[in-house]
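Take a look at the letters that make up each chain.
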Amino acid sequence: MKRIGFLTSGGDCQGLNPAMRGVTETICTALGEKNVEFYGFEDGYKGLIYGKYRKMTRADFAGIQNMGGTILGTSREPFKYIQVIDPETGLDKVKEMKKTYSKLKLDCLVVLGGNGSTKTANLLSEQGLNVVTLPKTIDNDIWGTDMTFGCHTAVEIATEAIDRTRTTAASHSRTFLVEIMGHKVGWLALEAGIAGGADAILLPEIPYSVNKVASVIKKNAKSSRKYSIIVVAEGAMTKDEAKMSKKERNAHFAETGTASDRLAKSLEGKVEGEIRCVVPGHTQRGGNPCAYDRRFATELGAAAGQLILDEKYGFMVALKGDKLEPVPLSEVAGKLKYVPVDGEEVKYAKALGISFAD
Ligand code: F6P
């Protein structure tokens, strides 16, 4: 009998359900469903810590390949607190997770998570648990994989938000700041910005000058086009903000608002005409996965299932070129995959005339 646990952790994204189904179908096809038990932990690591789980069958995962969200629920359990005693219950969370794992006699825990969740998965693996992870996040910022599931769907949604903004911007000759998710890393803003034909894209990786953004808007206002679309990542910051310490910057952001609000205020008096902000927000993580993410997440799940059948643990399944490969969790944990400032995508965007206001 194989016993496999699942948890989905951190911000949700499209593709979590098909990824889990990919694992269960692969294992059941190989071993027969009578020879496998599945356990779904509720609301991420919380379920493993506090013993909140349900026994599940192949049927529970059937037909969920097109469903957004996660049938298990999720929560954020920041890594920095995972080894800290829970102040409310006095519980040692790592000890509790190991206890639940042993109680259920699990052969493997499958964690579908982003950066923080992968750090915790690595910790559990170091503590002797058999763990396999799958790279989920709309942000595409997990080190060690060329792509994460959820990102393609979110790029589609963000691009549609830009497209829909464009027609009304053109009708009214307005400037729109479209704020796209991504606090630390700007892949989503970059890709949607290029796909949506933005005039400027402001990324966390490339601090910007407000005057340079103003120049783009003024140039467009004088042209026959008259309107501007500026894509602003949630984590975009000015050159001055980039010089602040993290603590100073967080306090400054808390006082001055979101990335698009701050920019809109800073542009006042520098440009003529109306400036409006559009924030698609969590719609970027919502709804069903696109065909790419369904297929990609399902195949990642199949590759994770294969690792479990081969009893190879302590890995994240990653996309490398056109292959799915296991990458040791110890290599992935604690690293972020930033947009390379001098990389191909930024280079071609600049060649297209898109400004980064740098
Ligand atoms: O999951 C990634 C992400 O969507 C980021 O792009 C965004 O900054 C963050 O999560 C928002 O988190 P929350 O849903 O907790 O507000």
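What counts and how
- Residues numbered from 1 in each chain as written.
- Predicted model: local features only at pLDDT ≥ 70, side-chain atom pairs only at ≥ 80, totals over all residues.
- Heavy atoms only, no water.
- Near = heavy atom within 4 Å.
- Polar contact = N/O pair within 3.5 Å; in protein donor to acceptor, adjacent residues only side chain to side chain.
- 1 Å grid on protein atoms, 1.4 Å probe; cavity = no way out; pocket = protein on both sides within 12 Å on 5 of 7 lines; lining within 4 Å.
- Sits in = over half its atoms within 2 Å of the grid points.
- Nonpolar A, V, L, I, M, F, W, Y, C, P; charged D, E, K, R; others polar.
- Domains from an automatic or database assignment.
- Buried < 20%, exposed > 50% of the residue type's maximum accessible area, 1.4 Å probe, protein only.
- Helix = DSSP H or I, 4+ residues; strand = E, 2+ residues; numbered from the N terminus.
- Pairing = 2+ DSSP bridges.
- Right-handed = clockwise from strand over helix to strand, strands pointing away.
- Points joined across faces, edges and corners; volume = space filled by probe spheres on them.
- Core = buried A, V, L, I, M, F, W, Y, C linked by side-chain atoms within 4.5 Å.
- Contact = heavy atoms within 4.5 Å.
- Buried area = accessible area lost by both parts, 1.4 Å probe.
- Axes fitted to C-alpha atoms, helices over the stretch in contact; angles between N-to-C directions.

### Notes on the site of the ligand
- Lining the immediate surroundings of the ligand are G11, R76, I138, D139, M181, G182, H183, E234, H282 and R285.
- Within the contact set of the ligand, an oxygen atom lies 2.9 Å away from a side-chain nitrogen or oxygen of H183.
- Counting atoms within 2 Å of the grid points, the majority share of the ligand lands in the largest pocket.
- Looking at the shell around the ligand, its residues break down into 2 nonpolar, 4 polar and 4 charged.
- Counting only domains with at least three residues in the shell around the ligand, you end up with domain 1 (2-149 + 289-332) and domain 2 (154-285).

### Description of the pairing of strand 2 (residues 36-41)
- Extensive coverage of strand 2 is indicated by the burial of 6 of its 6 residues.
- Of the pairings in the sheet, the one linking strand 1 (residues 2-8) to strand 2 comprises 5 bridges and is parallel in character. By the bridge assignment for strand 2, K2 is matched with V36.
- Of the crossover connections in this fold, the one passing from strand 1 over helix 1 (residues 16-31) to the parallel strand 2 is right-handed.
- With 4 bridges connecting them, strand 2 and strand 3 (residues 53-56) associate as antiparallel partners. Across the sheet, F41 pairs through a bridge with Y53, a residue of strand 3.

### Concerning the layout of surface pockets
- Volume-wise, the largest pocket comes out at about 1,100 Å³.
- In terms of lining, the largest pocket is formed by 32 residues, of which the most central are R76, N115, G116, D141 and K184.
- Put simply, the parts of the chain that give the lining of the largest pocket at least two residues each are helix 3 (79-82) and helix 5 (115-126).
- Looking at side-chain class alone, the lining of the largest pocket contains 6 nonpolar, 13 polar and 13 charged residues.
- The residues that make up the lining of the largest pocket include at least three from each of domain 1 (2-149 + 289-332) and domain 2 (154-285).
- If you add up the space inside the second largest pocket, you get close to 420 Å³.
- Every element with two or more residues in the lining of the second largest pocket is listed here: helix 10 (246-256) and helix 11 (259-267).
- With 4 residues, helix 10 is the largest single contributor of residues to the lining of the second largest pocket.
- Partitioning the lining of the second largest pocket into residue classes produces 5 nonpolar, 5 polar and 7 charged.

### Focus on the nonpolar core
- Membership of the largest hydrophobic core comes to 61 residues, with the highest contact counts inside it found for F6, L112, L134, F149 and I201.
- Of the residues forming this core, the biggest block, 7 residues, is contributed by helix 12 (residues 291-309).
- For this core, the two domains that each supply at least three residues are domain 1 (2-149 + 289-332) and domain 2 (154-285).
- Ranked by size, the runner-up nonpolar core spans 25 residues in total, among them L7, M97, V111 and V327.

### Let's talk about the domain arrangement of the protein chain
- The domain architecture assigned to the protein chain consists of domain 1 (2-149 + 289-332) and domain 2 (154-285).
- The distance between the C-alpha centroids of domain 1 and domain 2 comes to 34 Å.
- Each partner contributes residues to the interface: domain 1 has 9 residues there, and domain 2 has 9 residues.
- Summed over both sides, the interface between domain 1 and domain 2 buries roughly 820 Å², with carbon and sulfur atoms accounting for 51% of that surface.
- By the criterion of area lost to domain 2, the three top residues of domain 1 are Q14, I138 and D139, representing 54% of everything that side buries.

### As for the sheet that holds strand 8 (residues 228-233)
- Across the sheet, 4 strands lie side by side as 7-8-6-9; this open sheet has parallel pairing. Strands with a single pairing partner mark the edges of an open sheet, and in this sheet they are strand 7 (200-202) and strand 9 (275-278). The mean inter-strand angle of the sheet, taken between neighbouring strand axes irrespective of direction, is 20°.
- As paired strands, strand 7 and strand 8 are joined by 3 bridges and run parallel to one another.

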